[in-house]
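# What the coordinates show
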Amino acid sequence: MEIIHISAECYPVAKAGGLADVVGALPKYQCKTGHHAKVIMPMYETKFLLQHEFDVHAKGSIYLGPTHLDYTIIKEKNNTLGFDLFLVDIKGLLDRTMIYSHADDIERFVAFQIAVLDWINSWEHVPDIIHCHDHHSALIPFMMQHCYGFKNKLAKIPSVLTIHNAQYQGWIGLDKSFYIPTYDNWKTGLLEWEGNINSLASGIKCAWKVTTVSESYMNELKWNSNGLEKLFEYEKGKCIGILNGIDNEVWNPQTDSFLKHHFSSRTVTNGKKKNKQVLCNQFGLDPSKPLIVFIGRLVGEKAADVLPDSIMSCLYTMKDACSFLILGSGESQIEWQLQQMNHQFGNNYHAVIGYNEALSHNMYAGADFLLMPSRVEPCGLNQLYALRYGTIPIVRSTGGLQDTVKDMGENEGFGIRFNNATVRDIYYSVERAIEMYQNPKQISWMRKYMMAIDHSWESVINNYANVYQQII
Ligand code: ADP
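It should be emphasised that the depicted structure is a prediction, and the values quoted were computed from it without experimental measurement.

Secondary structure assignment for the protein chain yields 17 helices and 18 strands. Taking 23 Å as the expected radius of gyration for a compact globule of 472 residues, we find that the protein chain reaches 23 Å, a close match to that expectation. In the protein chain, which comprises 472 residues, the proportion classed as buried is 60%. Looking at the protein chain alone, contacts between residues at least 24 apart form 72% of all its contacts between residues at least 6 apart.

What the rule picks out here adds up to 21 salt bridges. In this structure, K289 and D286 form a salt bridge, with 3.4 Å as the shortest nitrogen-oxygen distance. Assessed through its relative accessible area of 10%, K289 is described here as buried. When salt bridges that share partners are traced, they join K28, K32, D247 and E249 into one network.

Now for the domain arrangement of the protein chain. Here the protein chain is described as being made up of domain 1 (2-245 + 458-471) and domain 2 (268-454). A C-alpha centroid distance of 33 Å is found between domain 1 and domain 2. Taken together, the 20 residues of domain 1 in the interface contact 17 residues of domain 2. Summing the contributions of domain 1 and of domain 2, the shared interface buries around 1,500 Å²; its carbon and sulfur component is 51%.

Among the secondary structure elements, H135 is positioned in the loop between β6 (129-133) and α4 (140-146). Relative accessible area serves as the criterion here: at 17%, H135 is assigned to the buried category. Only 3.3 Å separates the side chain of H135 from the side chain of H136, close enough to count as a polar contact. Not counting the four nearest positions on each side in its chain, H135 is found in contact with Q113, Y168, Q169, G170, S199 and L200.

On to the sheet that holds strand β18 (residues 416-418). If you trace the six strands from one edge of the open sheet to the other, you get β15-β14-β13-β16-β17-β18, paired in parallel fashion. Strands with a single pairing partner mark the edges of an open sheet, and in this sheet they are β15 (349-353) and β18. Across the sheet, the axes of successive neighbouring strands diverge by a mean angle of 15°, strand direction being ignored. As paired strands, strand β13 (residues 291-298) and strand β14 (residues 323-330) are joined by eight bridges and run parallel to one another. The partner of L298 across the bridge, within β14, is G330. Running at roughly 145° to β15, helix α11 (residues 332-340) makes contact with β13, β14 and β15 of the sheet.

Right, let's talk about the site of the ligand for a bit. The local shell around the ligand holds 20 residues, among which K15, G18, D21, R297 and Y364 are the closest. Note that a nitrogen atom of the ligand is positioned 3.0 Å from one of the backbone N or O atoms of N356. One of the side-chain N or O atoms of N382 is found 3.1 Å from an oxygen atom in the ligand. Coverage of the ligand by the protein amounts to 93% of the 570 Å² it exposes when considered alone. Elements supplying a minimum of two residues to the shell around the ligand: α1 (18-32), β13, β14, α12 (357-366) and α13 (382-388). For the shell around the ligand, the domains that each give at least three residues are domain 1 (2-245 + 458-471) and domain 2 (268-454).

Among the nonpolar cores identified, the biggest contains 88 residues, and F324, Y349, V430 and W457 are the most heavily contacted of them. A domain split of this core shows at least three residues from each of domain 1 (2-245 + 458-471) and domain 2 (268-454). The residues touching Y349, leaving out its near neighbours within four places in the chain, are L285, I311, L315, F324, I326, L338, M341 and N342. Listed in part, the 80 residues of the second largest apolar core include Y71, L139, A166 and I180.

Moving on to the sheet that holds strand β5 (residues 84-89). Strands sit in the order β3-β4-β5-β2-β1-β6-β7-β11-β12 across an open sheet of nine strands; the sheet is mixed. Of all the strands in the sheet, just β3 (54-64) and β12 (239-241) have a single pairing partner and so form its edges. On average, adjacent strands in this sheet sit at an angle of 20° to one another, irrespective of strand direction. When β6 meets strand β7 (residues 159-163), the two strands line up parallel, connected through four bridges. Within β7, the position partnered with C132 by the bridge is L161. Across the sheet, α1 lies against β1 (2-6), β2 (36-42) and β6, angled at about 155° from β2, the strand it touches most. Contacts from helix α6 (residues 199-206) reach β7 and β11 (209-212), with the element oriented near 135° to β7.

Below, the discussion takes up unusual backbone geometry. Following Y11, the chain continues into P12 via a peptide bond in cis, with omega recorded as 5°. Mapping P12 onto the fold places it in the loop between β1 and α1. The phi torsion at K319 lies on the positive side, around 55°, for a residue other than glycine. Relative to the helices and strands, K319 is located in the loop between α10 (307-317) and β14. Judged by its relative accessible area of 56%, K319 is exposed.

So, about the environment of C314. Within the element layout of this structure, C314 appears in helix α10. Sequence-wise, C314 and F54 are 260 residues apart; in three dimensions their C-alpha atoms are separated by 51 Å. Setting aside residues no more than four positions away along its own chain, C314 makes contact with K319, F324, Y427 and V430.

Before going further, it helps to spend a moment on the side chain of K276. Relative to the helices and strands, K276 is located in helix α9 (residues 268-283). When near neighbours in sequence (up to four residues on either side) are disregarded, K276 contacts P287, K289, P290, L291, G366, D368 and Y437.

Conventions used here
Residues numbered from 1 in each chain as written. Predicted model: local features only at pLDDT ≥ 70, side-chain atom pairs only at ≥ 80, totals over all residues. Heavy atoms only, no water. Helix = DSSP H or I, 4+ residues; strand = E, 2+ residues; numbered from the N terminus. Rg over C-alpha atoms; globule rule 2.2 N^0.38 Å. Buried < 20%, exposed > 50% of the residue type's maximum accessible area, 1.4 Å probe, protein only. Contact = heavy atoms within 4.5 Å. Salt bridge = Lys/Arg side-chain N within 4 Å of Asp/Glu carboxyl O. Domains from an automatic or database assignment. Buried area = accessible area lost by both parts, 1.4 Å probe. Polar contact = N/O pair within 3.5 Å; in protein donor to acceptor, adjacent residues only side chain to side chain. Pairing = 2+ DSSP bridges. Axes fitted to C-alpha atoms, helices over the stretch in contact; angles between N-to-C directions. Near = heavy atom within 4 Å. Areas by Shrake-Rupley, 256 points an atom, 1.4 Å probe, with all protein chains shown as cover. Core = buried A, V, L, I, M, F, W, Y, C linked by side-chain atoms within 4.5 Å.

Written as structure tokens, this is what we have:
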């Protein structure tokens, strides 16, 4: 089957979060099972571009409203990622160092989607599946079916939309509807939601199948999806939750190139001890105490706003019972608060503000516990990486966290779960973690048990194949 994944992110080409990890791995494992999966994404000015060789694959031009834009499709030469990688270069629009947060993101991602379809429309054959990811490519199913320039050839291609995060929907004012190539005006309703063009809503209406990244999140979306609740209820017949896998080749404590000390489940106690020592030396933390880490975007969705008070409450009340290490970036107020605390808690606390792939791997390897108080967590990859690196997850019971972590109070439980993203619940969970840390036998059993859980892409890849088969 020829599957075309269309995405704004793909690890290691350009990554802002979990979307990149999924798009960097799913096609690779699809190719391993005999499919021809390909990825097409914008060409940003990232390191990957400089470190790899590319061929010019195609050239073309499109209109974004009245603006004429030339595009070039380049293809990575050596199949480094295990699948064909194509990048869309639109000079002056996509070629930036940062993926998002530009004033003209609407123009950038609409132009990207038009260029992708213009290119596919020029092929002699058609692919078997078009697989879109999140709102940056969610206008594609509409454009394939209703834009006059594309529909003759592309309307019959089955399309899938995977929602990695429904909080962000790609809203576009109706005054910009002329960006979308000429379409049948009777179909305008398929673009709109509550008075705007809503890219994600349009994708949900027009894609042949909609998937999201865990079953619990799929259910949650019907009552909590940033305004799209009714739409999810209405379209539930074509929606399905498929839990993400993880790339066991990238996330493997026995081979991880970011780690100084490799370990397996057999050597986990010693291996984690050594990695913890490295981490603690680096940030002036005391390695004899349980180390609790947080890695992620510092935004309300991740409940990062409750971190400062929660950590302060733990460190003041429990005195020297544990240490915290934070890695993240996001809202400036939260960044500032977390950074200020660097001066208050000596060798019990450190926050690193920024994005640092290497450090994140070292934190999964060296930490004892990973804290995820997320208010919304579609799947959550961090806790899956933590499990693989023998780090005990402390998570709020929501979305994918609920589907992948079992509280230690249950039979064969291996983590800590709590209900509310509040200082009180976090404090109580940290207390439970510290208590557990006093019992090395229990910790050792739990680490080995967690590391043996199979969250590989191989174990879930068939679920996507089934979705494709249903619509072909
Ligand atoms: P998101 O909602 O951000 O996509 P996920 O749990 O699905 O959350 O994926 C987060 C991914 O981004 C993980 O690979 C995590 O390690 C990584 N990550 C998040 N923030 C940072 C950071 N500041 N530095 C390095 N990696 C990060």
